[in-house]
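Breakdown of the fold
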Amino acid sequence: MTLQELLKKDFRISLPISGGFGNSLENAIIIHREGINDYVGTEHIILECLGIGRRIQWKKLGQELLTQNNKIIDKIKIETKQLTETEEISQIENYYFDITECFKRQVNQDSPFDEEMTLRKLKERIIELEGLNEFNKKCIALLKTEKLFIDISLTLEFLEVINMDESFPLFKKMMEHTKRPLLVVLRRVGKELNENQS
């Protein structure tokens, strides 16, 4: 039985996936682009379901983008905790997701990186996000004045929104190109949006 069939049987969800169970590079879970390009959300749902199925708690420790044989692999490192009657068993595991289809269509890997165009697209998407709900509106208003980063819990919540958004591959490309973390890229986008308003 495939992972897709198991998830459908046990959780009644149908995800655009194929491939293996993600426990090695060779056995990566392939995520297909379908509708909104939310491969980050798909990864999270899979890990949540696997955690419930295995009766473990887990948390993400890190994420790394790998390229192998013209494939783009998202490697996610998690810490798992399993409670027994006598002890708590903790271990580190890696899960591998083949996101080639999602990533290559979102950001053309063959063309040279265009920083200004990427920045423009990110600003356009942030403006779209602003109109979606009150939480985004509040966070983006604070982002424009660089006050968002004062409230760490609010910043983390908004970063989750960005991580789950279709624009995340563009953020990743900007991070790779500028060698800067997501917070710095986000701060730059907010600063430019503020300058455009004034």
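Treat the numbers as computed from the prediction; the structure is a model and nothing was measured.

What counts as what
Residues numbered from 1 in each chain as written. Predicted model: local features only at pLDDT ≥ 70, side-chain atom pairs only at ≥ 80, totals over all residues. Heavy atoms only, no water. Axes fitted to C-alpha atoms, helices over the stretch in contact; angles between N-to-C directions. Helix = DSSP H or I, 4+ residues; strand = E, 2+ residues; numbered from the N terminus. Parallel < 35°, antiparallel > 145°, perpendicular 65-115°, else oblique. Left-handed = near helix turned anticlockwise from the far one by under 90°. Contact = heavy atoms within 4.5 Å. Nonpolar A, V, L, I, M, F, W, Y, C, P; charged D, E, K, R; others polar. Pairing = 2+ DSSP bridges. Expected span 1.5 Å × (residues − 1). Buried < 20%, exposed > 50% of the residue type's maximum accessible area, 1.4 Å probe, protein only. Core = buried A, V, L, I, M, F, W, Y, C linked by side-chain atoms within 4.5 Å. 1 Å grid on protein atoms, 1.4 Å probe; cavity = no way out; pocket = protein on both sides within 12 Å on 5 of 7 lines; lining within 4 Å. Points joined across faces, edges and corners; volume = space filled by probe spheres on them. Salt bridge = Lys/Arg side-chain N within 4 Å of Asp/Glu carboxyl O.

Quick look at the packing of helix 1 (residues 3–11) against helix 2 (residues 39–54) now. As a packed pair, helix 1 and helix 2 sit with axes 11 Å apart at the nearest point and diverge in direction by 65 degrees. Taken together, the axes of helix 1 and helix 2 lie roughly perpendicular to each other. When the axes of helix 1 and helix 2 are compared, the crossing they make is left-handed. On helix 2, the residues that touch Leu3, Leu7 and Phe11 of helix 1 are Ile46, Cys49, Leu50, Ile52 and Gly53. Per-class residue counts for the contact of helix 1 with helix 2 are seven nonpolar, one polar and no charged.

What follows covers the side chain of Thr178. Its location among the elements puts Thr178 in helix 7 (residues 168–178). Setting aside anything within four residues of it in sequence, one finds Thr178 in contact with Glu115, Val185 and Arg188.

What follows covers the pairing of strand 3 (residues 57–68). Moving residue by residue along a regular strand, the side chains alternate between the two faces of the sheet. Strand direction decides the pairing type here: strand 3 and strand 4 (residues 71–83), joined by 11 bridges, are antiparallel. Within strand 4, the residue paired with Gln63 across the bridge is Ile76. From the end of strand 3 to the start of strand 4, which pair antiparallel, there are two residues, and Asn69 there has a positive phi angle of about 50 degrees.

Right, let's talk about helix 6 (residues 152–164) for a bit. Here helix 6 is 13 residues long and its end C-alpha atoms lie 18 Å apart, about the 18 Å a rise of 1.5 Å per residue gives. Buried within helix 6 are the following residues: Leu154, Thr155, Phe158, Leu159, Ile162 and Asn163.

The next point concerns the nonpolar core. One finds Ile46, Phe97, Ile126, Ile162 and Phe171 to be the most contacted residues of the largest nonpolar core, which totals 43 residues. Not counting residues within four places of it along the chain, the set of residues in contact with Ile162 comprises Ile126, Leu129, Phe168, Phe171, Leu182 and Leu186.

Quick look at empty space enclosed by the protein now. Summary: where empty space remains is shown by rolling a probe the size of a single water molecule over the atoms. A full pass over the atoms with the stated rule returns one cavity of 30 Å³ or more. Of the pockets and cavities examined, the largest cavity occupies roughly 40 Å³. Within the residue set of the lining of the largest cavity, elements represented by two or more residues are helix 2 and strand 4. When residues of the lining of the largest cavity are assigned to their parent elements, the largest contribution, four residues, is made by helix 2. Residues belonging to the lining of the largest cavity are distributed by class as follows: six nonpolar, two polar and one charged.

Bringing the packing of helix 5 (residues 134–144) against helix 6 into the picture now. Orientation of helix 5 relative to helix 6, taken along the N-to-C sense of each, is 115 degrees, at an axis distance of 11 Å. For the element pair helix 5 / helix 6, the angle class is roughly perpendicular. Relative to helix 6, helix 5 is oriented so that their crossing is left-handed. Here helix 5 contributes Phe135, Asn136, Lys138, Cys139, Ile140 and Leu142 to the contact with helix 6, which in turn contributes Leu154, Glu157, Phe158 and Val161. Split by residue class, the contact of helix 5 with helix 6 holds seven nonpolar, one polar and two charged.

Within the structure shown, the criterion is met by 14 salt bridges. Taken together, the salt bridges that share partners define one network made up of Glu115, Lys123, Arg188 and Glu192.

If you walk across this open sheet you meet the five strands as 1-2-5-4-3, and the pairing is mixed. Each having just a single partner strand, strand 1 (17–19) and strand 3 make up the two edges of the open sheet. Recorded for the sheet is a direction-independent mean angle of 30 degrees between the axes of neighbouring strands. Looking at chain direction, strand 2 (residues 29–31) and strand 5 (residues 88–98) are connected through two bridges and run parallel. Within the sheet, the bridge partner assigned to Ile29 lies in strand 5 and is Phe97. Lying over the sheet, helix 2 contacts strand 1, strand 2, strand 3, strand 4 and strand 5, oriented at roughly 145 degrees with respect to strand 5.

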